[in-house]
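Examining the three-dimensional arrangement
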Amino acid sequence: MGSKNEVATNGNNEKYDLLDVYFFRNLIKNRFFKPAVNFFFFIFLLVVIYFGLSSEPDLRFHGGIPFATTMIWDVWHPLLAFTIIIVGRLWCFACPIGATGDWTQSVFSLNKKYPEKYRNLWIAVILFLFIFAAERHLFMFTRNPPNTAYLLLFFTALAIIMGAIYEKRSFCRYICPIGLVLGVFSMLSAVELRCKSRKTCQDHDLKECVIGTEAGKACPVGEFPQTMERNNQCIMCMECVKSCSKGNIRLSPRLPGADIIKSNKKHLDEAYLVHGIIVIFLFVMGMERLQFRNIIINFVKSTLPINSITFLDLYWRNMWAVIIFLLITLGAAGLMYLSTRAALSGKNTKQKFIELSYAFIPLSLSVYLAENTFRLLKGLFYIAASIGSFFGKIWEFSPDFDTINHLQIILLIAGFVFTLWAGYLISKRTSDTENDLQPGMVAIGFVAVVYFMIGLKILTLPII
Ligand code: SF4
Ligand code: SF4
Ligand code: SF4
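Being a predicted model, the structure only gives us computed values, none of them experimental.

**Some words on the overall build of the chain**
For the chain, the helix and strand inventory stands at 22 helices and 2 strands. The globule rule puts the C-alpha radius of gyration for 464 residues at 23 Å, and the 23 Å found for the chain is close to it. By its C-alpha atoms, the chain is 75 × 65 × 45 Å across when sized along the principal axes. Scored against the burial criterion, the 464 residues of the chain give a buried share of 39%. In the chain, the proportion of contacts linking residues at least 24 apart, taken out of those at least 6 apart, comes to 82%.

As structure tokens, then:
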């Protein structure tokens, strides 16, 4: 195995390596550790699915067991959102759904290449926006335990089927909506997995991280550590740590947000998602406020006269909800596009729109966190109450809505400020000339102010 000294002589930038901490590297390289973690969470997944299927469909009415919905929407999902800035995509290391694809492949797989024309994130973007857009009216996942269980079964089955047909982790790379969002937000995270020395990689004829060895598999998402410049696709499976005989992989702390400023890899699907997350989660928070909700309900009633709850009425109401979400996401991305075009006329508007949209990742994360603040507290209080009742105590807590409201506004302000700062750095970096800097900032600043004002208006309405 290559020593640290060998790597140092090859001109690396010696960054602090978390893998050197005590027994961490040995633990990661242990062949039983990851499967054991995956198996533990797989059992938990089965328990959640079991409770979900055994419960009443709608928790607004009496009789349901909230275990599945609370564990998924009030504990797991908010915890992912709140920890991403520190640990990036570490959840993917433990994730049982991705692991089922691996387990399938260890028994059978056609190992086909994933079709070239679908090698983008549009399916994942549509799935993510659909799950949260359809949440209010169509499936009500957060209040409907059986639907939550069906959703988990759907993605588990998809990971298994894709593992049986396609090579590696095609599901994780192109389809998983949670992986997609973790990927975009991991650009902000305070850790990065990279090679220690590009020269060591160049000089290494046997690219073990690409072809795989007995010690570790080939990178399951097709990343190449030598050229990695952002966190998005790396599912932190640590296979390259095991396979690289040069010991040339590091896991290092860094300045949060480095990828959105430095990375050259920017794509339309991710740019659209960033705007989609902002408007969808502002809308969801709006629906938790009576005045906003009444405006939407009156609008729907005026455009779609519904007097009875027949199947057809429900169908149209649900389709209308999805259309509204589609329109607001397109409208938000369209606003940024027009702002870019107006400010930077004569430039390649599409390319500039993509580049500048990455400045909105901090605002997108802050809105995502704001929506999850209430859920996380609700989930933690549920756990406390359940532990209390196990010991025969009554530990009842209820969220203080004023405090939550203040936290949400603080998050929104922080996201707004960091978006302006990121916008300045991205504009500076991508400007062809000094003259481009100001228009780029104007394009970002205008849209950021629009989002901020709408967010502030919504968040200062009283919560239901
Ligand atoms: S990409 Fe999705 S399925 Fe794959 S490991 Fe991550 S969360 Fe799990
Ligand atoms: S195995 Fe991969 S990461 Fe390790 S030195 Fe070779 S090319 Fe670089
Ligand atoms: S093999 Fe390495 S680069 Fe590839 S996904 Fe796993 S940890 Fe990331």
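Having seen the model, we can carry on.
**Quick word on the nonpolar core**
By size, the foremost hydrophobic cluster in this structure holds 103 residues, and its most contacted members are L180, F185, I278, I280, I361 and V367. Per-element tally for this core: the top contributor is helix α16 (residues 268-286), with 12 residues. Once residues lying within four places of it in the same chain are set aside, the contact partners of I278 are A332, F360, L363, S364, V367 and Y451.

**A short note on the packing of helix α6 (residues 96-107) against helix α9 (residues 145-165)**
Axis separation between α6 and α9 bottoms out at 8 Å; the angle between their running directions is 35°. The element α6 and its partner α9 pack so that their crossing is right-handed. Residues I97, G98, T100, G101, D102, T104 and Q105 of α6 form the contact with α9, whose participating residues are F155, T156, A159, I160, M162, G163 and A164. Taken together, the residues of the contact of α6 with α9 sort by class into 6 nonpolar, 7 polar and 1 charged.

**Details of the domain arrangement of the chain**
By the assigned domains, the chain splits into domain 1 (4-25 + 191-253), domain 2 (31-186) and domain 3 (262-459). Placing a centre on the C-alpha atoms of domain 1 and another on those of domain 3 gives a separation of 35 Å.

**Notes on the site of ligand 2**
Around ligand 2 sit 14 residues in total, of which C201, H204, C209, C244 and N248 are the nearest. Put simply, the parts of the chain that give the shell around ligand 2 at least two residues each are α12 (198-203) and α13 (208-211). A class-by-class count of the residues in the shell around ligand 2 yields 7 nonpolar, 4 polar and 3 charged.

**Focus: the site of ligand 3**
Around ligand 3 lies a shell of 13 residues, among which C219, E223, C234, C237 and C240 are the nearest. Among the residues making up the shell around ligand 3, the classes are represented as 11 nonpolar, no polar and 2 charged.

Scoring rules and cut-offs
Residues numbered from 1 in each chain as written. Chains lettered and ligands numbered in written order. Predicted model: local features only at pLDDT ≥ 70, side-chain atom pairs only at ≥ 80, totals over all residues. Helix = DSSP H or I, 4+ residues; strand = E, 2+ residues; numbered from the N terminus. Rg over C-alpha atoms; globule rule 2.2 N^0.38 Å. Buried ≥ 20, exposed ≤ 12 C-beta atoms within 10 Å, placed from the backbone. Contact = placed C-beta atoms within 7 Å. Core = buried A, V, L, I, M, F, W, Y, C linked by C-beta atoms within 7 Å. Axes fitted to C-alpha atoms, helices over the stretch in contact; angles between N-to-C directions. Left-handed = near helix turned anticlockwise from the far one by under 90°. Nonpolar A, V, L, I, M, F, W, Y, C, P; charged D, E, K, R; others polar. Domains from an automatic or database assignment. Near = placed C-beta within 6 Å.

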